[in-house]
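Results of the structural survey
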Amino acid sequence: SRDSPINKETAMTTETILPTNLHAARTWGAGGEDYDQVSRGIADAIDHAVEALDPRPDERVLDVATGTGWAARKIAERGAVVTGVDFGAAVIEAAKALSHGAGIDFRVGDAEALDFPDQSFDAVISTFGTMFARDPEAVAAELSRVVKPGGRVSLANWAVGGSVHEMFKLIRSYKPAEERPAPSPFAWGKTSRVVELLGPNFEIEFQVGTSFFRPESGEQAWATFSTGFGPVVSLLRVLSPTKIQALRKDFIAFHEAHREGGRIVVKRPYVITKARRLGEARKAS
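Here's a quick rundown of the structure. Every value quoted in this text rests on a predicted model; they were computed, and no experiment measured them.

**Re the overall build of the protein chain**
If you tally the helices and strands in the protein chain, you get twelve helices and nine strands. A globule of 285 residues ought to have a C-alpha radius of gyration of about 19 Å, and the protein chain, at 19 Å, matches this closely. Reported as C-alpha extents along the three principal axes, the dimensions of the protein chain are approximately 60 × 55 × 40 Å. A total of 285 residues make up the protein chain; the buried ones form 53% of that total. Restricting to contacts in the protein chain with at least 6 residues of sequence separation, those with at least 24 account for 76%. A total accessible area of about 13,200 Å² is found for the protein chain, and carbon and sulfur atoms account for 50% of it. For the protein chain, the separation between the mean place of its 35 positive charges and that of its 37 negative charges on side chains is 3 Å.

**Digging into the packing of helix 10 (residues 218–228) against helix 12 (residues 241–256)**
Where helix 10 meets helix 12, the closest approach of the two axes is 8 Å, and the angle between their N-to-C directions is 125 degrees. With respect to each other, helix 10 and helix 12 are oriented oblique. The way helix 10 lies across helix 12 gives a crossing that is right-handed. For the pair helix 10 and helix 12, the contacting residues are G218, E219, A221, W222 and F225 in the first and L247, R248, F251, I252, H255 and E256 in the second. Its residues assigned to classes, the contact of helix 10 with helix 12 comprises six nonpolar, two polar and three charged.

**Overview of the pattern of salt bridges**
Under the defined criterion, the tally for this structure stands at 15 salt bridges. The shortest N-O distance in the salt bridge between R193 and E137 comes to 2.8 Å. Pair noted here: R193 is in helix 9 (residues 191–198) and E137 is in helix 7 (residues 136–146), with a separation of 56 residues, a long-range link. For R193, a relative accessible area of 21% gives the class partly exposed. Of the residues examined, E137 reaches a relative accessible area of 44% and is grouped as partly exposed. Among the charged side chains, a network of salt bridges with common partners joins D118, E142 and R145.

**Some points on unusual backbone geometry**
A positive phi angle is found at A65, which is not glycine, with a value near 60 degrees. Positionally, A65 belongs in the loop between strand 1 (60–64) and helix 5 (70–76). Phi at F128 takes a positive value of approximately 55 degrees, unusual for a residue other than glycine. With respect to the helices, strands and loops of the structure, F128 is situated in the loop between strand 4 (121–127) and helix 7.

**Details of the packing of aromatic side chains**
Enumeration over the complete set of coordinates arrives at twelve aromatic pairs. Seen from their ring centres, F116 and F121 are 5.1 Å apart, and the 85 degrees between their planes marks the pair as edge-to-face. Of the residues examined, F116 reaches a relative accessible area of 9% and is grouped as buried. You can call F121 buried: its relative accessible area is 0%. Seen in terms of ring centroids, F168 and F186 are 5.7 Å apart; in terms of plane orientation they differ by 75 degrees. Their pairing is edge-to-face. Within this pair, whereas F168 is found in helix 8 (residues 163–172), its partner F186 is found in the loop between helix 8 and helix 9, the two being separated by 18 residues in sequence. Judged by relative accessible area, which is 12%, F168 ranks as buried. F186 gets classed as buried once you look at its relative accessible area, which sits at 1%. In this structure an aromatic cluster arises from ring pairing among W28, F132, F168, F186, F213, W222, F225, F229 and F251.

**Considerations on the sheet that holds strand 3 (residues 105–108)**
Judged by pairing direction, the sheet is mixed, and its seven strands sit side by side in the order 3-2-1-4-5-9-6 without closing on themselves. A strand with exactly one partner marks an edge of an open sheet, and here the two such strands are strand 3 and strand 6 (202–213). Here the strands of the sheet are splayed against their neighbours by 15 degrees on average, with no regard to which way each runs. Sheet topology places strand 1 next to strand 2 (residues 81–86); five bridges connect them, and they run parallel. The residue of strand 2 that forms the bridge with V61 is V82. Those strands touched by helix 4 (residues 43–53) are strand 1, strand 4, strand 5 (147–158), strand 6 and strand 9 (266–277), and its axis lies near 15 degrees from that of strand 9.

Cut-offs and rules
- One numbering rule holds for all chains: residues counted from 1, following each sequence as written.
- The predicted nature of this model means local features are confined to residues of pLDDT at least 70 and side-chain atom pairs, given and counted, to a pLDDT of 80 or more, with totals for whole chains, interfaces and linings taken over all residues.
- Here the side-chain values reflect all heavy atoms present in the structure, with hydrogen atoms and water set aside.
- Only DSSP runs of H or I with at least four residues qualify as helices, and only runs of E with at least two residues qualify as strands; both kinds are numbered from the N terminus onward.
- Here the globule rule is a power law, 2.2 Å times the number of residues to the power 0.38, and the radius of gyration is based on C-alpha atoms.
- For every residue, the accessible area (1.4 Å probe, protein chains only) is compared with the maximum for its type, and the residue is labelled buried under 20%, exposed over 50%, or partly exposed between those bounds.
- The contact rule is simple, with two residues in contact once any of their heavy atoms fall within 4.5 Å.
- Each accessible area value is a Shrake-Rupley result obtained with a 1.4 Å probe; residue values ignore everything except the protein chains displayed when judging cover.
- When charges are tallied, Lys and Arg are placed among the positive residues and Asp and Glu among the negative ones, while His and the ends of the chain are skipped.
- Every charge is mapped to an atom, namely NZ of Lys, CZ of Arg, CG of Asp or CD of Glu.
- A fitted line through C-alpha atoms represents every axis, and for helices the fit uses only the stretch in contact; the resulting angles, taken between N-to-C directions, go from 0 to 180 degrees.
- Throughout, the term roughly parallel applies to angles under 35 degrees, roughly antiparallel to angles over 145, roughly perpendicular to angles from 65 to 115, and oblique to all others.
- When the near helix sits turned anticlockwise from the far one by under a right angle, the crossing is termed left-handed; a clockwise turn instead gives a right-handed crossing.
- Side-chain classes follow a simple rule in which Ala, Val, Leu, Ile, Met, Phe, Trp, Tyr, Cys and Pro form the nonpolar group, Asp, Glu, Lys and Arg form the charged group, and the remainder, Gly included, forms the polar group.
- Here a salt bridge means any side-chain nitrogen of Lys or Arg lying within 4 Å of a carboxyl oxygen belonging to Asp or Glu.
- Stacked, edge-to-face and tilted labels apply to pairs of Phe, Tyr and Trp rings (six-membered ring for Trp) whose centres lie within 6.5 Å, assigned for plane angles under 30 degrees, over 60, and everything in between, in that order.
- When DSSP finds two or more bridges between a pair of strands, those strands are recorded as paired.

Keep in mind these values describe shape, not function.
Here it is, written out as structure tokens:
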């Protein structure tokens, strides 16, 4: 009941998050402010996605699955009016603190059910966020709905079979079996799948890139992900001490295997979806 003792995160999400996504919201919010260090490691790819979006002064821009607001801050620096949403309440609180004075409107919200009127935004971005949604069709419908005709969308998604895909396989091998597993987020890294989802309402082009993760050591990579990356933070809460040590060892070894000339360089390929909403306003844009 509403009078029962509940934690702050639950109180902030139950009114705005679909019931089917409450568990995922807790998972992805678990890193809190420490998630910003994970975003720092993909800053090059986020910059690419922002460039593809090409935000302009005074445009209304929505950052979906904003995390701690890294992309939102980059866009606000260009003079756009930015709103950032994420279903992880703790990362939204961190985004507010980290972005103090930037004028960004951060809110708890669900990518599958965005709480905005139709055609509210000139542009929408998501950097390695919406790809993890449980219902890709719902996300595609919401992106189509909230952006204006002629408006722009930029999505950064990890490539299929790349190093991030392999890292997730490693993490998943330690997860308890799920009753209803989510579809593979890496499907968004397939151009054919993106065309299926967005093609009916968008003109689409694709760009590819490589993000370079350069931790000082495998131990540092583990420290970053075990404290800031929600899926790992949440997993550590349910694993036995023996399993935690095994995961730690495997995670460190995974990153140490990417040493080049004494330094770790993890090459992480990604795909940028650059899309323009079809509609009459397209001619005037």
